[in-house]
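Now for the letters of each chain:
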Amino acid sequence: MHALHEAFRIVWNAPFPATLQDDTFRLVDVNPAYVEITGRSREWLIGRDPIELQPPEDRPSSLAAREAFMATRADPEASPLFERRLLGADGRERWFRGTRRRVTDERGRTLLLVVMQDSTAEHAARERADRSAREIDHWFDLSTVGMVLFDDRGLLVRSNPAFEALVGSMPV
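Residues numbered from 1 in each chain as written. Predicted model: local features only at pLDDT ≥ 70, side-chain atom pairs only at ≥ 80, totals over all residues. Heavy atoms only, no water.

Section: the nonpolar core
Move 1: Counting residues in hydrophobic clusters, the biggest one holds 14 residues, and the most contacted among them are Tyr34 and Leu45.
Move 2: Within the residue set of this core, elements represented by two or more residues are β2 (27-30), α2 (32-38), β3 (82-87) and β5 (110-118).
Move 3: Broken down by element, this core gets its largest block of residues, 3 residues, from β5.
Move 4: Dropping the residues within four chain positions of it, tyrosine 34 is found in contact with Pro17, Ala18, Thr19, Leu27, Leu45, Pro50, Leu53 and Met116.
Move 5: Counting residues in each nonpolar core, the second largest holds 6 residues, with Ala18, Leu20, Val103 and Leu111 among its members. (Core = buried A, V, L, I, M, F, W, Y, C linked by side-chain atoms within 4.5 Å. Buried < 20%, exposed > 50% of the residue type's maximum accessible area, 1.4 Å probe, protein only. Helix = DSSP H or I, 4+ residues; strand = E, 2+ residues; numbered from the N terminus. Contact = heavy atoms within 4.5 Å.)

Let's talk about the side chain of arginine 85
Move 1: In this structure, arginine 85 sits in strand β3.
Move 2: A polar atom in the side chain of arginine 85 sits 2.5 Å from the side chain of aspartate 58.
Move 3: In this structure the side chain of arginine 85 is engaged in a polar contact, spanning 2.3 Å, whose partner is the side chain of glutamate 93. (Polar contact = N/O pair within 3.5 Å; in protein donor to acceptor, adjacent residues only side chain to side chain.)

Concerning the sheet that holds strand β4 (residues 93-104)
By definition, the strands of a sheet pair up through backbone hydrogen bonds, in either a parallel or an antiparallel sense.
Move 1: Reading across the sheet, the 5 strands line up as β2-β1-β5-β4-β3 and stay open at both edges, with antiparallel pairing between neighbours. Both edges of this open sheet fall to β2 and β3, since each of them pairs with a single strand only. Averaged over all pairs of adjacent strands, the angle between their axes in this sheet comes to 35°, without regard to strand direction.
Move 2: Bridge count between strand β1 (residues 18-21) and β2: 3 bridges; the pairing is antiparallel. Of the residues in β2, the one forming a bridge with glutamine 21 is leucine 27.
Move 3: Relative to β4, helix α5 (residues 120-142) is tilted by about 140°, and along the sheet it contacts β3, β4 and β5. (Pairing = 2+ DSSP bridges. Axes fitted to C-alpha atoms, helices over the stretch in contact; angles between N-to-C directions.)

Looking at the packing of aromatic side chains
Move 1: Using the criterion set out here, one finds 1 aromatic pair in the structure.
Move 2: Ring geometry for phenylalanine 82 and phenylalanine 96: centres 6.3 Å apart, planes at 85°, overall edge-to-face. One end of the pair, phenylalanine 82, is in strand β3; the other, phenylalanine 96, is in strand β4, with 14 residues separating them in the sequence. In terms of burial, phenylalanine 82 and phenylalanine 96 fall into one category: buried. (Phe/Tyr/Trp six-rings, centres within 6.5 Å; stacked < 30°, edge-to-face > 60°.)

Description of a nonpolar patch on the surface
Move 1: A contiguous nonpolar surface patch, about 240 Å² in accessible area, is contributed by Ile136, Leu149 and Val157.
Move 2: Of note, valine 157 is situated in strand β7 (residues 156-159).
Move 3: Owing to a relative accessible area of 48%, valine 157 belongs among the partly exposed residues under this scheme. (Patch = residues over 30% accessible without salt bridge, like charges linked within 9 Å, V, L, I, M, F, W, Y side chains within 5 Å. Areas by Shrake-Rupley, 256 points an atom, 1.4 Å probe, with all protein chains shown as cover. Salt bridge = Lys/Arg side-chain N within 4 Å of Asp/Glu carboxyl O.)

Here it is as structure tokens:
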């Protein structure tokens, strides 16, 4: 069996979304995990450019990254990790991390094998943490009561203007 088929068969049933793309980046084949993450049928996906699944504001940076990748054509091993988001058929945003690998099929065509990892939960957790930090900042800025924040070693991390008015300047 050809190496391309062997490589794709390894990821075909894996829980990681994977695609094969032609030299114009059109989808030639997708595995069941990719079908699931997109919420689209395999038939709908085949022949499409995956950029169609991205939010419009992400497309220019994806096209620029694609051009940079194509410029590495002389180095078939060059495949930096990339991170993108796509919109599922239900409109939900899904983040994924991926890597590309050039492979050659039995007819000598160069295809791209793209393997992805869903990172939606990680992005959601990071967003919640950022929101919490902004909320703390907001409370510190608005409170008329002196407030300080210490780290787990007891070092002063932050104080608000009301606290500084009480003690002068924030101690180092």
